[in-house]
Amino acid sequence: MFDVEYYKLPNGDKPVKIFLDSLDKKMRVKALGSIDILAEFGNSL
């Protein structure tokens, strides 16, 4: 299993997290599901 780390700007903001939080619930669940798959399989996808 891999750790997925969100990029952090020098001011502490995490643009990907901000983007994910801006999505509606259905799209957020899909995106987070994809990130979970990436964490599980890494670059073996």
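Please refer to the structure higher up on the page.
Keep in mind it's a predicted model, so treat the numbers as computed, not measured.

Thresholds, definitions, all that
- Residues numbered from 1 in each chain as written.
- Predicted model: local features only at pLDDT ≥ 70, side-chain atom pairs only at ≥ 80, totals over all residues.
- Heavy atoms only, no water.
- Helix = DSSP H or I, 4+ residues; strand = E, 2+ residues; numbered from the N terminus.
- Areas by Shrake-Rupley, 256 points an atom, 1.4 Å probe, with all protein chains shown as cover.
- Lys, Arg positive; Asp, Glu negative; His and termini not counted.
- Charge placed at Lys NZ, Arg CZ, Asp CG, Glu CD.
- Patch = residues over 30% accessible without salt bridge, like charges linked within 9 Å, V, L, I, M, F, W, Y side chains within 5 Å.
- Salt bridge = Lys/Arg side-chain N within 4 Å of Asp/Glu carboxyl O.
- Buried < 20%, exposed > 50% of the residue type's maximum accessible area, 1.4 Å probe, protein only.
- Contact = heavy atoms within 4.5 Å.
- Expected span 1.5 Å × (residues − 1).
- Polar contact = N/O pair within 3.5 Å; in protein donor to acceptor, adjacent residues only side chain to side chain.

For the protein chain, the count of helices and strands is 2 helices and 0 strands. Projecting the C-alpha coordinates of the protein chain onto the three principal axes gives extents of approximately 30 × 25 × 10 Å. Of the accessible surface of the protein chain, which amounts to about 4,000 Å², a share of 58% is contributed by carbon and sulfur atoms. Of note, the protein chain has its 7 positive side-chain charges centred 7 Å away from the centre of its 7 negative side-chain charges.

Quick look at a nonpolar patch on the surface now. A cluster of nonpolar side chains, Val4, Tyr6, Val16, Leu32, Ile37, Leu38, Phe41 and Leu45, forms an exposed patch at the surface whose accessible area comes to about 670 Å². When residues in the nonpolar patch are grouped by element, the largest group, 4 residues, is from helix α2 (residues 25-41). Exposure remark for Leu38: the relative accessible area of 38% places this residue in the partly exposed category.

For the rest of this paragraph, the subject is the environment of Lys25. Positionally, Lys25 belongs in helix α2. Owing to a relative accessible area of 65%, Lys25 belongs among the exposed residues under this scheme. As for Lys25 and Asn11, which are separated by 14 residues in sequence, their C-alpha atoms are 27 Å apart.

Summarising the element assignment, Leu20 is placed in helix α1 (residues 15-22). Residues within four places of Leu20 in sequence aside, it is in contact with Tyr6, Arg28, Ala31, Leu32 and Ile35.

We now examine α2. When the terminal C-alpha atoms of α2 are compared, their 24 Å separation across 17 residues agrees well with the 24 Å that a helix rising 1.5 Å per residue should span. Two to three positions downstream of the cap, the backbone nitrogen of Lys26 sits 3.2 Å from a side-chain oxygen, assigning the N-cap of α2 to Asp24. Phi turns positive one or two residues past the end of α2, at Gly42, with a value near 55°.

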